[in-house]
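So you can see what is in the structure, the chains are spelled out below.
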Amino acid sequence: MNEWVPVLKASGLEIRENVPLSTCTTMGVGGPARWILSPTCRRNAETMMSALTRHKIPWMVLGKGANTIFSDEGFPGAIIRLKGLLEKFRFQGNSVVAGGGVILHRMVCSAVERGLGGLERLAGFPSTVGGAVMMNAGCYGQSIEAAFDHAILITPEGASRTLLRSEAGFEYRTSSFSERGIIAYTVFQFGAQPVSTLRASMEEVLARRKESLPPGRHAGSVFKNPPGHKAWELIRACGLAGLREGMAEISTVHSNVILNRGSASATDIFTLARRMISEVRDRFGVVLEPEVKFIGFPPLV
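Summarised in this report is the structure supplied together with it. (Residues numbered from 1 in each chain as written. Predicted model: local features only at pLDDT ≥ 70, side-chain atom pairs only at ≥ 80, totals over all residues. Heavy atoms only, no water.)

As for the packing of aromatic side chains
Argument step 1. Following the criterion strictly, the structure yields 10 aromatic pairs and no others.
Argument step 2. Ring centres of Trp4 and Trp35 lie 4.8 Å apart, and the angle between their planes is 70 degrees; on these two criteria the pair is classed as edge-to-face. In this pair, Trp4 sits in helix H1 (residues 4–10) while Trp35 sits in strand E2 (residues 32–38), placing the two residues 31 residues apart along the sequence. When sorted by exposure, Trp4 lands in the same class as Trp35, which is buried. (Phe/Tyr/Trp six-rings, centres within 6.5 Å; stacked < 30°, edge-to-face > 60°. Helix = DSSP H or I, 4+ residues; strand = E, 2+ residues; numbered from the N terminus. Buried < 20%, exposed > 50% of the residue type's maximum accessible area, 1.4 Å probe, protein only.)

Some remarks on the sheet that holds strand E5 (residues 75–80)
Argument step 1. Strand order across the open sheet formed by four strands is E1-E2-E5-E3, with mixed pairing between neighbours. Each of the sheet's edge strands pairs with one partner strand only, and the pair in question is strand E1 (14–20) and strand E3 (59–61). Taken pair by pair, the neighbouring strands of this sheet meet at an average axis angle of 30 degrees, ignoring direction.
Argument step 2. Here E3 runs beside E5; their pairing, made up of three bridges, is parallel. Among the inter-strand pairings, Met60 is bridged to a residue of E5, identified as Ile79.
Argument step 3. Those strands touched by helix H2 (residues 42–54) are E2, E3 and E5, and its axis lies near 160 degrees from that of E5. (Pairing = 2+ DSSP bridges. Axes fitted to C-alpha atoms, helices over the stretch in contact; angles between N-to-C directions. Contact = heavy atoms within 4.5 Å.)

Focus on the pairing of strand E6 (residues 89–92)
Argument step 1. As defined by bridge partners, E6 adjoins strand E7 (residues 95–99) across four bridges and the pair is classed as antiparallel. Note that in E7 the partner of Phe89 across the bridge is Ala98.
Argument step 2. Where E6 folds back on E7, the antiparallel hairpin that results is connected by two residues, among which Gly93 adopts a positive phi of roughly 65 degrees.

Some points on the sheet that holds strand E11 (residues 148–154)
Whenever strands of a sheet pair, they do so through backbone hydrogen bonds, lying parallel or antiparallel.
Argument step 1. Taken in spatial order, the five strands line up as E6-E7-E13-E11-E12 in an open sheet, and their pairing is antiparallel. The open sheet has two free edges, formed respectively by E6 and strand E12 (160–164), since each of these has just one partner strand. Neighbour to neighbour, the strand axes of the sheet diverge by 15 degrees on average, direction disregarded.
Argument step 2. As judged from the five bridges shared by E7 and strand E13 (residues 182–189), these two strands associate in the antiparallel manner. Bridge pairing in E13 places Ala98 opposite Thr186.
Argument step 3. The strands touched by H2 within the sheet are E11, E12 and E13, with E11 carrying the most contacts at an inclination of about 50 degrees.
Argument step 4. In the packing of helix H3 (residues 104–113) onto the sheet, the strands contacted are E6, E7 and E13, and the crossing angle to E6 comes to about 25 degrees.

Notes on the pattern of salt bridges
Argument step 1. Throughout the structure, instances matching the rule amount to 13 salt bridges.
Argument step 2. Between Glu145 and Arg165 there is a salt bridge, with its nearest N and O atoms 3.9 Å apart. You can see Glu145 sitting in the loop between strand E10 (142–143) and E11 and its partner Arg165 sitting in the loop between E12 and E13, a full 20 residues away along the chain.
Argument step 3. You can call Arg165 partly exposed: its relative accessible area is 38%.
Argument step 4. Three or more residues joined by partner-sharing salt bridges are found here, namely Arg121, Glu204 and Arg208. (Salt bridge = Lys/Arg side-chain N within 4 Å of Asp/Glu carboxyl O.)

Let's talk about the packing of H3 against helix H5 (residues 195–212)
Argument step 1. Packing of H3 against H5 leaves a shortest axis separation of 8 Å and a crossing angle of 150 degrees. With respect to H5, the element H3 is oriented roughly antiparallel. Judged by residue contacts, His105, Cys109, Val112 and Glu113 of H3 engage Val195, Leu198, Arg199, Met202 and Leu206 from H5.
Argument step 2. Per-class residue counts for the contact of H3 with H5 are six nonpolar, one polar and two charged. (Parallel < 35°, antiparallel > 145°, perpendicular 65-115°, else oblique. Nonpolar A, V, L, I, M, F, W, Y, C, P; charged D, E, K, R; others polar.)

Here's the deal with the nonpolar core
Argument step 1. Counting residues in hydrophobic clusters, the biggest one holds 34 residues, and the most contacted among them are Leu104, Met107, Val133, Ile144, Phe177, Phe188 and Phe190.
Argument step 2. With residues up to four places along the chain from it excluded, the contact list for Phe188 reads Asn94, Ser95, Val96, Ala98, Met107, Leu119, Val129, Val133, Ile144, Ala147, Phe148 and Asp149.
Argument step 3. Ranked by size, the runner-up nonpolar core spans 29 residues in total, among them Val29, Leu272, Met276 and Phe294. (Core = buried A, V, L, I, M, F, W, Y, C linked by side-chain atoms within 4.5 Å.)

Written as structure tokens, this is what we have:
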């Protein structure tokens, strides 16, 4: 039934089975993944995608697991985590070629030290490069699309293709990449700026991030900011800060963040998120849209 597993193992692909997803996400919840696959290069990843599609195995890419909450039942297919060459980056003049598994913060810091600006305000953002491009990550007035040039995408059929900026479908906290395959590599174009200026901007952002986000296990902002509003302000105005469900709690520091206070279940977190949506909708007529991905749950709304 799973004859593709030994074939991919023989090709050098690391495969783990029945891995608790609570160990793979910053929130620390979620049941087991049937498989976790770790391709280490583009060719490896192409072979893997072709096999998954051929055998009709559901899949999804997981980076740092900082904006994903899996249900207590887990994930019945393959979770893909990019490793090896796909975790490396290299500079070429004012551009950088970065694997989809590169930690975004590492790349941003290296760019700043080379006097290359464009993404310095994303320092500290808890994501891989691939995840950041997928969601058009942004904070403090800057988003990933600002420096994006093109990406190498591996399609579900196992083919590689280049996608230009005009094909990326960037919008607020989203892109069209998630429906197309795996981001193997991204090329970013930076602008030359004084290192001192870039360092100051980066350090300011890191200080603001430390001050505004609570310590502990969480997945960052649960909801996107609705047009003309800040989600945390709407949630706080509803008196929800500090509300608990089991061991999950809406943060009193940043009310658009749900904390795992120890042994929260994914269901506890989902229940709080639904309550936040319901209360804000009833009081303000605004429907909050999730920024965090809830995998394996019924619709939030």
